[in-house]
Amino acid sequence: MKKAKRMTAAVLAVCMLAGLTLGAVGCSGKKEIVFWNPFSGPDGETMQAMVDKFNETDPEYTIKNVSMAGDDMYTKIPTVINSGKNIPDMGIVHFFRIPLYASENMVVPIESYIAGQPEIKEENYIETAWQFGDFNGQRYSVPLDMTGWVTYYNVDLVEKYAPHVLDDQLLTLDEVMEIGEAAAKDGVYAFGGANFFVEQFMAYLAQMGTELSVEDKPNIDTKEARDVIQKMKDIYASGNSSKIGDDNFNLFISNKIIFNPEGTWTANALNKEDYPDLNWGETNTMALDNQTMLNWMSSHQFVVYNNTGEKEDVKAAKAEVMGAFIEFVRENSGEWANAGHIPASIQAASGTDFESKPQAIFMSSDEEKDSLTLPNYTYFGYISDALYGVMQDILTDKLSVDDGLAKAQAEVSDKIAEHAKAAEAQK
């Protein structure tokens, strides 16, 4: 008996060293699938509720939901996979991470995991979201949603300062500047330009027909980029927009901003219980001209991580449950729509309940659907990171436009070269 107790203590010690909190099945005795995702706040609560409902169906393996800040998750993923320890079973990542993760063998093809779920197929998902799961002829992901940067507006302030400006659902820069003159006299900003300025830059550049990447090479340091930056600086200088450093969200809920750039997910935070006097709606991204409707989007996608150390029989059992969970989410994506997102599931995105959601505008016509733009760049993650590293300093004149764009261009080029070198070393 004493020997058995000593062995139990030893096993417990090993389990603690192995990182029991990440769901090591052999140590905890629990049959769990560890599921990492970048959802926090109301989004995290909604995802946890969906996981709880699936677990109530009594699967062989329960889903262990591990939500964390996106930056933390993306830092941890390569670290744990390269270490071979505490690797999560599955996760959700932004779509633009998939080509790099697949090329570096951090994720595995997902076909065998969804093979037992005949309804997980292209025709049951919005095409724009589904198409980004393919890489080198294999499917690596299944979409959860489309989500991105759009425009929220204060209904009462629109009626006061520009009652017909949204008749065509296309707000333009010229209209914002015109509205701003009257609103500024009352201490109200026409536009919340201090928010999502990198996404604004990328969306406006796309409106001009300019790609940030050409043949998988960065195309950041361009005349078009300078033109967009100047337009953004002009609206700051006019006084018709909030400025970087302002608390945009607080200004909006305080009825001090008419049109506010925000994420589709923000609808979850603008609830009537917390802000009963705020009357708001959702519409398209501001356009630089009166012709171009374009909404800069992203997509969260399910992936399966590469855990080469796991036994094949355990992998097979987990695969069946992972497929069932992804199908459960597809069938119940109305819950995710309640969090402000556009579900990738056509069943949810075309339902009568979804039509009552503010984000339903983006699925209301072919023109709106065509406006949903996802950047198809292999190295978009590098581009986004580089722009976040310089854009604020450029817009606040702490860094010249020329130096900032050149710095971002060089950073992406260097990262691409590093990636190519690492890929060659793996061969």
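Structure: see above.
Just so we're clear, the structure is a prediction, and the values are computed from it rather than from any experiment. Throughout this description, residue numbers start from 1 for each chain and increase along the sequence as written. Only residues with pLDDT of at least 70 get local features here, since the model is predicted, and only at 80 or more are side-chain atom pairs given and counted; chain-wide, interface and lining totals rely on the full set of residues. Side-chain descriptors were evaluated using all non-hydrogen atoms of the structure, hydrogens and water having been removed beforehand.

Enquirer: Please clarify how unusual backbone geometry should be interpreted in this entry.
Expert: Across the chain, the bulk of peptide bonds are trans and the bulk of non-glycine residues have phi less than zero. The backbone of Asp58 sits at a positive phi, close to 65°, despite the residue not being glycine. Helix numbering and strand numbering both begin at the N terminus, where a helix is a DSSP run of H or I of at least 4 residues and a strand a DSSP run of E of at least 2. Counting through the fold element by element, Asp58 comes out in the loop between helix H3 (41-55) and strand E2 (62-67). For every residue, the accessible area obtained with a 1.4 Å probe (protein chains only) is divided by the maximum for its type, and the residue is called buried under 20%, exposed over 50%, and partly exposed between those limits. Taking relative accessible area as the criterion, Asp58 reaches 66% and is therefore assigned exposed. Phi is positive for Asn136, close to 55°, though the residue is something other than glycine. Within the fold, Asn136 resides in the loop between strand E5 (134-135) and strand E6 (138-139).

Enquirer: I'm lost on the pattern of salt bridges in this one. Help?
Expert: What makes a salt bridge here is a side-chain nitrogen of Lys or Arg within 4 Å of a carboxyl oxygen of Asp or Glu, nothing more. Tallying each qualifying case throughout the model produces 15 salt bridges. Taking the shortest distance from any N to any O, the salt bridge between Asp397 and Lys233 comes out at 2.6 Å. Of this pair, Asp397 sits in the loop between helix H17 (380-395) and helix H18 (401-426) while Lys233 is found in helix H11 (residues 223-238), placing the two residues 164 residues apart along the sequence. Among the charged side chains, a salt-bridge network with shared partners connects Asp89, Glu310 and Lys318.

Enquirer: Just to check I follow, could you spell out the packing of aromatic side chains for this structure?
Expert: The description of an aromatic ring pair uses the distance of the two centres, along with the angle that the planes make with each other. By convention, a stacked pair of Phe, Tyr or Trp rings (six-membered ring in the case of Trp) has centres within 6.5 Å and planes under 30 degrees apart, an edge-to-face pair has planes over 60 apart, and any other such pair is tilted. On inspection of all chains with the given rule, the structure shows 18 aromatic pairs. Both rings, one in Phe302 and one in Phe325, keep their centres 6.0 Å apart while their planes meet at 85°; by these two values the pair is edge-to-face. Here Phe302 is found in strand E15 (residues 300-305), whereas its partner Phe325 is found in helix H13 (residues 312-331), with 23 residues between them in sequence. You'll find Phe302 and Phe325 in the same group, each marked buried. Taken together, Phe95, Phe96, Phe132, Trp296, Tyr377 and Phe380 form an aromatic cluster joined through their ring pairs. We count a charge as sitting over a ring when the NZ of a lysine or the CZ of an arginine lies within 6 Å of the ring centre and within 35 degrees of the ring normal. Between Arg97 and the ring centre of Tyr74, over which it is positioned, the NZ or CZ distance is 3.9 Å. In this arrangement the basic side chain of Arg139 is found over the ring face of Trp130, its NZ or CZ atom lying 3.7 Å from the centre.

Enquirer: Whenever I open this one, the pairing of strand E12 (residues 257-263) confuses me. Can you help?
Expert: On a regular strand, each side chain points to the face opposite its neighbour's, so the side chains alternate between the two faces of the sheet. Of all the seven residues making up E12, seven are buried; the element is thus mostly covered by neighbouring parts of the structure. Of the pairings in the sheet, the one linking strand E8 (residues 145-154) to E12 comprises five bridges and is antiparallel in character. Counterpart to Tyr152 in the pairing with E12 is Asn260. In this sheet, E12 lies alongside strand E9 (residues 189-191) in parallel orientation, the contact comprising two bridges. When the sheet's bridge partners are listed, Phe191 is paired in E12 with Phe259. Criterion used throughout: strands pair if DSSP finds at least two bridges between them.

Enquirer: Would you explain empty space enclosed by the protein in this entry?
Expert: Here a cavity denotes a set of grid points, spaced 1 Å apart and computed over the protein atoms alone, in which a 1.4 Å probe fits but from which it cannot get out, and a pocket denotes an open set meeting protein on both sides within 12 Å along at least five of seven lines; residues with an atom within 4 Å of a point are reported as lining. Grid points are joined across faces, edges and corners, and a volume is the space filled by probe spheres set on the points. As enumerated under the stated definition, the model contains two cavities of 30 Å³ or more in all. Residue lining of the largest cavity: Leu173, Phe191, Gln200, Tyr204, Lys231, Met232, Ile235, Met286 and Leu288, and that is the complete set. Those elements that place two or more of their residues in the lining of the largest cavity are helix H10 (197-207) and H11. Top contributing element to the lining of the largest cavity by residue count: H11, with three residues. A breakdown of the residues in the lining of the largest cavity according to their chemical character gives seven nonpolar, one polar and one charged. Quantified by volume, the second largest cavity comes out at close to 30 Å³. Around the second largest cavity, the lining residues are Tyr125, Pro143, Leu144, Phe302, Ile326, Val329, Arg330, Ser333 and Ser345. The element contributing the most residues to the lining of the second largest cavity is H13, with three residues. Tallied by class, residues from the lining of the second largest cavity come to six nonpolar, two polar and one charged. Classes in brief: Ala, Val, Leu, Ile, Met, Phe, Trp, Tyr, Cys and Pro nonpolar; Asp, Glu, Lys and Arg charged; the others, Gly included, polar.

Enquirer: Can you help me understand the layout of surface pockets in this one?
Expert: Any empty space left between the atoms is revealed when a probe the size of a water molecule rolls over them. Estimates place the volume of the largest pocket at around 1500 Å³. Elements represented by at least two residues in the lining of the largest pocket include exactly H3, helix H4 (70-83), helix H5 (98-103), E8, H10, strand E14 (295-298), H17 and H18. With seven residues, the single largest contributor to the lining of the largest pocket is H4. Grouping the amino acids of the lining of the largest pocket by side-chain chemistry returns 25 nonpolar, 15 polar and seven charged.

Enquirer: Honestly, the packing of H10 against H11 in this entry has me stumped. Any pointers?
Expert: Axes are the key here: two packed helices are described by the angle between their axes and the distance separating the axes. For helices, the fitted line uses only the C-alpha atoms of the stretch in contact; every axis is such a line through C-alpha atoms, and the angle between N-to-C directions lies from 0 to 180 degrees. At a minimum axis distance of 10 Å, the contact between H10 and H11 shows a crossing angle of 130°. One way to sum up the angle between H10 and H11 is to call them oblique. Seen from above, H10 lies across H11 with right-handed handedness. The residues of H11 that touch H10, namely those facing Phe197, Gln200, Phe201, Tyr204 and Leu205, are Glu224, Ala225, Val228, Ile229, Met232 and Tyr236. Within the contact of H10 with H11, the residues separate by chemical class into nine nonpolar, one polar and one charged. The scheme is simple: roughly parallel for angles under 35 degrees, roughly antiparallel for over 145, roughly perpendicular for 65 to 115, oblique for anything else. Whether a crossing is left-handed or right-handed is set by the direction in which the near helix is turned from the far one by less than a right angle, anticlockwise for left-handed and clockwise for right-handed. In this analysis, two residues are considered to be in contact whenever any of their non-hydrogen atoms come within 4.5 Å of each other.

Enquirer: Just checking my understanding: could you explain H11 for this structure?
Expert: Here a helix's expected span is defined as the number of its residues, less one, multiplied by 1.5 Å. End to end, H11 covers 23 Å across 16 residues, agreeing with the expected 22 Å (1.5 Å per residue, within 8%). Buried within H11 we find Ala225, Val228, Ile229, Met232, Lys233, Ile235 and Tyr236. Down the axis, H11 shows its buried residues gathered within 160° of arc, on one side only. Structural note: H11 exposes Lys223 and Ala237 on the side pointing more than 90 degrees away from its buried face. Directions are taken from the helix axis to each C-beta atom, and the arc is the one they span.

Enquirer: What should I look at first to understand the environment of Thr378 in this one?
Expert: Residue position: Thr378 is located in the loop between strand E17 (372-373) and H17. On a C-alpha basis, the gap between Thr378 and Ala408 in space is 16 Å, while along the polypeptide they are 30 residues apart. In this structure Thr378 touches Phe96, Pro99, Leu100 and Asp216, once residues within four positions along its chain are discounted.

Enquirer: I'm lost on the packing of H10 against H17 in this one. Help?
Expert: Packing of H10 against H17 leaves a shortest axis separation of 9 Å and a crossing angle of 110°. Classified by the angle their axes make, H10 and H17 are roughly perpendicular. The chirality of how H10 crosses H17 is right-handed. Counting all contacts with H10, which are made through Phe197, Val198, Glu199, Phe201 and Met202, the residues of H17 involved are Phe380, Leu387, Tyr388, Met391, Gln392 and Leu395. Residue composition of the contact of H10 with H17, by class: nine nonpolar, one polar and one charged.

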